[in-house]
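Descriptive analysis of the structure
Now for the letters of each chain:
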Amino acid sequence: MRAEHDHISLTDTLASTRANDGRSLLELSRTDATHAGLLLVFLRHSGCTFCREALADLSKKRDDLKSRRVRLVLVHMGPENSETAAHFAKYGLQGMQRVSDPDRALYRAFELERGTFSQLFGLKCVLRGAWAATVGRHWVGKLVGDGFQMPGVFMIRDGVVTQAFRHRSAADRPEYCEIALAGAR
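The residue count restarts for each chain, going from 1 along the sequence in the order it is written. Selection of residues for local features in this predicted model requires a pLDDT of at least 70, selection of side-chain atom pairs for listing and counting requires 80 or more, and totals for whole chains, interfaces and linings are taken over all residues. Excluded from the side-chain calculations are hydrogens and water; all other atoms, namely the structure's heavy atoms, are used.

Focus: the side chain of serine 169
Numbering of helices and strands starts at the N terminus; helices are DSSP runs of H or I of at least 4 residues and strands are runs of E of at least 2. Among the structural elements, serine 169 can be located in the loop between strand S5 (160–166) and helix H8 (176–183). A polar contact is formed between the side chain of serine 169 and the backbone nitrogen of alanine 171, at a distance of 3.0 Å. Counted as a polar contact is a pair of N or O atoms within 3.5 Å, where, for protein atoms, one must be capable of donating a hydrogen and the other of accepting one, and residues adjacent in sequence contribute only when both atoms are in side chains.

Some words on the environment of glycine 37
Its place among the elements puts glycine 37 in strand S1 (residues 37–42). Relative accessible area serves as the criterion here: at 0%, glycine 37 is assigned to the buried category. A C-alpha to C-alpha distance of 8.9 Å links glycine 37 and leucine 72, two positions 35 residues apart in sequence. We call two residues in contact whenever any of their non-hydrogen atoms come within 4.5 Å of each other. Setting aside residues up to four positions removed in sequence, glycine 37 forms contacts with Leu28, Ser29, Thr31, Arg69, Val70, Arg71, Met155, Ile156 and Arg157. Relative accessibility thresholds used throughout: buried, under 20% of the residue-type maximum; exposed, over 50%; partly exposed, between the two (1.4 Å probe, protein chains only).

Overview of the sheet that holds S5
Pairing between strands is defined by DSSP: at least two bridges between the two strands are required. Spatially, S3-S2-S1-S4-S5 is the arrangement adopted by the five strands of the open sheet, whose pairing is mixed. Two strands bound the open sheet, and with one partner strand each, they are strand S3 (97–100) and S5. Direction aside, the axes of adjacent strands within the sheet are offset by 20 degrees on average. Strand direction decides the pairing type here: S1 and strand S4 (residues 152–157), joined by five bridges, are antiparallel. Residue pairing in the sheet places phenylalanine 42 in a bridge with glycine 152 of S4. Running over the sheet, H8 touches S1, strand S2 (70–76), S4 and S5 and is turned about 30 degrees from S4. Throughout, an axis means a line fitted to C-alpha atoms (over the contacting stretch in the case of helices), and angles, computed between N-to-C directions, take values from 0 to 180 degrees.

What to know about the nonpolar core
Here is a general trend for soluble globular proteins: nonpolar side chains tend to be buried in one another's company. Membership of the largest hydrophobic core comes to 28 residues, with the highest contact counts inside it found for Leu39, Val41, Leu43, Leu55, Leu72 and Leu74. Looking at this core, the elements with two or more residues in it are S1, helix H3 (49–67), S2, S4 and H8. Ranked by residues supplied to this core, first place goes to H3 with seven residues. Beyond its immediate sequence surroundings of up to four residues, leucine 55 is in contact with Leu43, Leu74, His87, Phe88, Tyr91 and Leu93. Buried Ala, Val, Leu, Ile, Met, Phe, Trp, Tyr and Cys residues form a nonpolar core when they are joined through side-chain atoms within 4.5 Å. Ala19, Phe42, Met77 and Val99 belong to the second-largest nonpolar core, a separate cluster that totals 19 residues.

Written out as structure tokens, the structure reads:
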């Protein structure tokens, strides 16, 4: 939870945070006849097997989300540069709107915590991670960002969070379209 002295509202945070195309998250969350809201996906560090799996999942769901009129924006901890763009392009997410948050201020604003040992290295993570790395071919890569940061998914409509999914384990695999659909109502 936010500390009492933290007076910055979520609306202010959304208004002041810009995606790589220059538009604010508040603007991107506006609903109208062509847009049902914003699905904001917070990723773990770019070398994480589960982050890579999430990117592959989102690539597969991208058209479905678009058909539901949902804007997708990815939040990552790396710098916004050509290496980062190439990383997203590898998963078919080139041109995707993103927010670079190396200081994790947006992660904190959405109350995404740093993981505990069991959330990051527990049996579920080890087993799912081994499967995702080998069978899913989402090998571990270079750590860019805080290796302990937990991810999350939020549906936002007109600056209001209408659906939230905070990972209990790094190995959780959210159903992005279900979160978007539940939050778009």
